[in-house]
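# Observations on the model geometry
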Amino acid sequence: MILLPLCVSAELRLDFSTKGLASSGWSAEGVSVELMLADDGRLAVHLTASAFTHEALPGRISGIELDCPVVQRQEQAYRCPEGRLRIADSPYGPQDLAARGQFVDEQHLNLRVDGLKLAGGGVTLDLELKEGLWTLLLNAGDLELDSLRHHLEVETLPSDWSLSGRASLQASVSGRLDRPEAMKLALQVRRLAYADVEGLQVAEDGNLSLNVDAEYRRGGWLGGVKLSVSQGRFYSDPLFLELGQTPLRMSLQGQWTPASDRLQIDKSQLIVPQVLVAEGRARIDTGTSRVVDASVQLQADRLKGLYTTVLQPLLIGSMMDDLETTGALKAELALQQGRLQRFHATLDQVSLDDRRGLFALYGLSGNLAWSAEGQAETSHMHADGGRLYRIEHGPVTIRGQAQGEEISLLDPLEIPLMGGVIRIGHLNAKGLLSAAPQWTTSARLSGISLEALADSFDWPGMQGELNGNIPTVYYQHRGLRLDGELQVDVFGGSVRVGQLAIKDPLGRVPELFADVRLKDLDLARITRTFSFGHIEGTLEGEIGGIHLVDWDPVAFRARFYTPEKDKAPHRISQRAVDNLTSLGNGLSSGLSSTFLGVFKAFRYDRIELKAKLEGSIAELDGIEHPGGGYYLVKGAGLPRIDVIARNRNVAWKTLLERLKNIRVEGMEVR
């Protein structure tokens, strides 16, 4: 250390220099201080340093030069009202700054630096030290975000992300020695935009405001954070949010303890306009980013906003990914160790209508509860009505329990539809939270109107009722199958469905497989139902190898016939003969224009029709006829009427159209 007094023309000059200075958290090299006292009593200070480092700075500062041409002494303080600080090189580039301050001693000083150039904007710093307590005020404006992130030690975004926008920051930080003890930050960002390489995280034209107010107490930071985001479009795969003038708001109050990696949120609120309001508390392990425990309450007064913004993107690929939704809900959920433990929702007039026409529920109200373990809470729901495919149903009340991955009914479920009712005796579902859910059920059908059923599927008009039992139904691996036979009592006999299986029943392209057996059906009831013309007798048959794709037949083998030793009268009306005759060529038998027109009915021996479908072609057959072709109706008695078909192949679509008009190709009457 060298001290040199100089005296030139009544001017006193003192030089002080050293190779280096250091203290906790900082160091300086090549420090030189020059004091000059003019003959009029004015004091000037010129300080230089070759280098300076501080733990709060991202790099080394070199070529430092501080000038204070006039130093004022007031009592025990020295003031520099107009100084200049020049820096040749720094992490923020070269600087030429206005500086002013006051020095009493090493425990009492303040300094203001104005005009710091940073990230295309300007920064003002005010530093005050008073009896060991320091306070730093920072005011920064018009900072370019992409440039700013390269100057920060903390990585805000991955380096390969694009980033743009302008920011301003006001900050007040105070503390003792090298430890901050309180801070207030106010950050505003305009026209925020960012994007990752894959395009899965994107923001455009957003405005953001962030406020932080915290104090350091007992080894942790205690305080709150407020965030407001308005304007702009935000995408975080798979969620998308577009904001207008009404901002998204989030606030947190709690304590962060860095030593134990613990973040405790005592109170929080999230308001997403037109979507939801959520409140909650949580404890988070910041070392592993795992939720230790949390409770959340949310409210959505417009379910449509919650569904389109949050739920629908998460449900893509499921049966719930294309719904029209209305109504409101409130929900509470609890988590422990990162896993959902309890869920309770209150629904108010919720309606779900699948746009593809698969299902619908209207006016759904009540409470829905689920728990991972412990005592299961009862759920009670009521719907004003609904629809499954084209079948509409009436009001439904459900009482059940949901626990873990299982759901079960507490009371039988009765679904009124088509003038009758389906009574579901039991329902048990498992693995609902897994990739392979499964469930079982059974039901009883009674009083179902065949007329209403035909109207729902645009079938020819039918009359009568449908009654029967549905045995145990299993759903697993996205497929449905029956354990046993489905028995339906109809037309005085029975229809039994076996080997029934449906792949992806609620998917976009379901497939159905089944075998059907008809027993003791009354032809008089059938023909009266379909307005076909009157036929008396008994009908039996089999339909094997049924295969439907998207509910359209692609394959089956069918045979309908009069059973042997049938004791019922065998009579067929003139109209029925005309219809059977015109099934193929569109021409009726013309019985009414012949002498046979005086007969309104005829006797017959047997009726038989065989049909086989493979792809787009149907192969038809009946009772073999010695002269070629085949009988559909083999007559008996006098006058005798035979209905004979000769065409054995017909396009399936053509056959369907002609069946609607009660016609089959290649018929003649003899």
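Numbering of residues starts from 1 in every chain and runs along the sequence as written. Only residues with pLDDT of at least 70 get local features here, since the model is predicted, and only at 80 or more are side-chain atom pairs given and counted; chain-wide, interface and lining totals rely on the full set of residues. The basis for every side-chain value is the complete set of non-hydrogen atoms in the structure, without hydrogens or water.

### Some thoughts on the overall build of the protein
Secondary structure counts use DSSP, requiring at least four H or I residues in a row for a helix and at least two E residues in a row for a strand, with both numbered from the N terminus. A count of helices and strands for the protein gives 6 helices and 47 strands. Buried residues are those whose accessible area, probed at 1.4 Å on protein chains only, stays under 20% of the maximum for their type, while exposed residues exceed 50% and partly exposed ones sit between those limits. The 670 residues of the protein split such that 37% are buried. Contact definition: two residues touch when any of their heavy atoms are within 4.5 Å. For the protein, contacts bridging at least 24 residues in sequence account for 44% of all contacts bridging at least 6. Carbon and sulfur atoms make up 54% of the accessible area of the protein, which totals about 37,100 Å². Here the open area of atoms and residues is found with the Shrake-Rupley method and a 1.4 Å probe, where only the protein chains shown may cover a residue.

### With respect to the pairing of strand β22 (residues 339-354)
DSSP-based pairing: two strands are paired if at least 2 bridges between them are found. Direction of pairing for strand β21 (residues 323-336) relative to β22: antiparallel, over a ladder of 13 bridges. Across the sheet, L323 pairs through a bridge with D354, a residue of β22. Here β21 folds back onto β22, and the loop between the two strands holds 2 residues, one of which, Q337, carries a positive phi near 50°. One ladder, built from 9 bridges, connects β22 with strand β23 (residues 359-371); its direction is antiparallel. The residue of β23 that forms the bridge with R342 is S371. Taking the residues that link successive antiparallel strands as the turn, the β22-β23 hairpin has 4 residues, and the phi of G357 there is positive, at about 80°.

### Here's the deal with the state of the cysteines
By definition, a disulfide is the covalent link that joins the sulfur atoms of two cysteine residues. We call a pair of cysteine sulfur atoms a disulfide when they lie within 2.5 Å. Tallied over the full model, the rule gives 1 disulfide. Here C68 is linked by a disulfide to C80, with a sulfur-sulfur distance of 2.0 Å. Torsion about the S-S bond of the C68 and C80 cystine: about 125°, corresponding to right-handed handedness. Of the two residues, C68 sits in strand β5 (residues 61-74) while C80 sits in strand β6 (residues 77-89), which places them 12 residues apart along the sequence.

### Focus: unusual backbone geometry
In this chain, D237 is followed by P238 through a cis amide linkage whose omega measures 5°. Of note, P238 is situated in the loop between β15 (233-236) and β16 (239-242). Of note in the backbone geometry, Q274 takes a positive phi value of approximately 65° without being a glycine. Among the structural elements, Q274 can be located in the loop between β18 (262-272) and β19 (276-285). By relative accessible area, Q274 is classed as exposed at 56%.

### Examining the nonpolar core
L466, F556 and I572 are the most contacted members of the largest nonpolar core, which has 53 residues in total. The definition of a nonpolar core used throughout is a set of buried Ala, Val, Leu, Ile, Met, Phe, Trp, Tyr and Cys residues joined through side-chain atoms within 4.5 Å. Residues L306, L323, L347 and L364 belong to the second largest nonpolar core, which totals 27 residues.

### Comments concerning the packing of aromatic side chains
Any pair of Phe, Tyr and Trp rings, taking the six-membered ring for Trp, is counted once the centres come within 6.5 Å. Such a pair is stacked with planes under 30 degrees apart, edge-to-face with planes over 60 apart, and tilted for the rest. On inspection of all chains with the given rule, the structure shows 5 aromatic pairs. When the ring of Y389 is compared with that of W551, the centres are 5.5 Å apart and the planes differ by 75°; the resulting orientation is edge-to-face. Here W551 lies in the loop between β38 (538-549) and β39 (552-561) and Y389 lies in the loop between β25 (385-388) and β26 (391-393), a separation of 162 residues in the sequence. Centre to centre, the rings of F556 and W652 are 5.6 Å apart; their planes meet at 70°, and the pair counts as edge-to-face. Highlighted residues: F556 in strand β39 and W652 in helix α6 (residues 652-660), separated in sequence by 96 residues. Neither residue differs from the other here; F556 and W652 are each classed as buried.

### Structural notes on the side chain of S90
Turning to its location among the elements, S90 is positioned in the loop between β6 and β7 (95-105). From its side chain, S90 meets the backbone oxygen of G93 in a polar contact 2.7 Å long. The contacts of S90, once residues within four sequence positions are left out, are R60, I61 and Q95. Identification of polar contacts relies on pairs of N or O atoms within 3.5 Å, with a donor-acceptor requirement for protein atoms, meaning one able to donate a hydrogen and the other able to accept it, and with residues adjacent in sequence counted only if both atoms are side-chain atoms.

### Details of the pattern of salt bridges
Salt bridges, as used here, are contacts in which a Lys or Arg side-chain nitrogen is within 4 Å of a carboxyl oxygen on Asp or Glu. Counting across every chain of the model gives 31 salt bridges. For the salt bridge of D522 with R525, the shortest nitrogen-to-oxygen distance reads 3.9 Å. Judged by relative accessible area, which is 27%, D522 ranks as partly exposed. Here the salt bridges share partners, and the residues they tie into one network are D67, R84, R86 and D96.

### Quick word on the side chain of D196
Here D196 shows up in the loop between β12 (179-195) and β13 (201-217). Lacking a salt bridge, the buried D196 has R149 as its closest oppositely charged neighbour, with an N-O distance of 11 Å. Among the polar contacts made by the side chain of D196, one reaches the main-chain amide nitrogen of G199 at a distance of 2.8 Å. Those residues in contact with D196 that sit more than four places away from it in its chain are W161 and Q201. As used throughout, the charge tally considers Lys and Arg to be positive and Asp and Glu to be negative, leaving His and the chain termini uncounted.

### Details of helix α2 (residues 303-314)
Within α2, burial applies to L303, G305, L306, Y307, T309, Q312 and P313. Where α2 is buried, its residues meet β16, β19, β20 (290-300), β21 and β22.

### A word on the confidence of the model for the protein
What pLDDT reports is the predictor's confidence in each residue, on a scale of 0 through 100. Mean pLDDT for the protein: 84, with 87% of residues reaching 70 or above. Counted against residues more than four places away or in other chains, residues 1-10, with its pLDDT under 50, gives 17 contacts. In this model, residues 662-670 is a region of pLDDT below 50 whose contacts with residues beyond four sequence positions or in other chains number 55 contacts.

### Section: the environment of N428
Within the secondary structure, N428 sits in strand β30 (residues 420-430). The partly exposed category is assigned to N428, whose relative accessible area is 23%. Spatially, the C-alpha atom of N428 lies 6.6 Å from that of T441, the residues being 13 residues apart in sequence. Apart from residues no more than four positions distant in its own chain, N428 is found in contact with E406, I407, S408, Q438, W439 and T440.

### Comments concerning the environment of Q255
Within the element layout of this structure, Q255 appears in strand β17 (residues 248-257). As for Q255 and R283, which are separated by 28 residues in sequence, their C-alpha atoms are 9.7 Å apart. Filtering out sequence-adjacent residues up to four positions away, Q255 remains in contact with R217, G220, W221, L222, R262, L263 and Q264.

### Focus: the environment of Y216
With respect to the secondary-structure elements, Y216 resides in strand β13. Separated by 41 residues in sequence, Y216 and T257 place their C-alpha atoms 9.4 Å apart. Those residues in contact with Y216 that sit more than four places away from it in its chain are R179, P180, E181 and W221.

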